[in-house]
Amino acid sequence: MANKALAKRQKLTIRIEPSQKALKPRNHVALAAKQRVGGPHQKSISGQRQELKRLLQTKLSEPEEK
């Protein structure tokens, strides 16, 4: 028969199914802050520079109209 005891390096893991109630959050302040995550309000300096560089390349690659 196989050894059914846990080996030394194995840990017993308890799986929580979706139907079960979640555990209480440890830090309610951090949880509230994480739920209202917002993005940056404006592009970064490097993002602005890269966008201007792309616009310049598109302007230079367009054929001139006369």
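A few points about the overall build of the protein chain
Helix and strand content of the protein chain: two helices and zero strands. In the protein chain, buried positions account for 2% of the 66 residues. Summed over all atoms, the accessible surface of the protein chain reaches about 7,900 Å², with 56% contributed by carbon and sulfur.

With respect to the pattern of salt bridges
The final tally for this structure, using the stated rule, is one salt bridge. For Lys 43, the salt bridge is made with Glu 51, and the minimal N-O distance between the two is 3.2 Å. What makes Lys 43 partly exposed here is its relative accessible area of 46%.

Reading the values: rules and limits
Residues numbered from 1 in each chain as written. Predicted model: local features only at pLDDT ≥ 70, side-chain atom pairs only at ≥ 80, totals over all residues. Heavy atoms only, no water. Helix = DSSP H or I, 4+ residues; strand = E, 2+ residues; numbered from the N terminus. Buried < 20%, exposed > 50% of the residue type's maximum accessible area, 1.4 Å probe, protein only. Areas by Shrake-Rupley, 256 points an atom, 1.4 Å probe, with all protein chains shown as cover. Salt bridge = Lys/Arg side-chain N within 4 Å of Asp/Glu carboxyl O.

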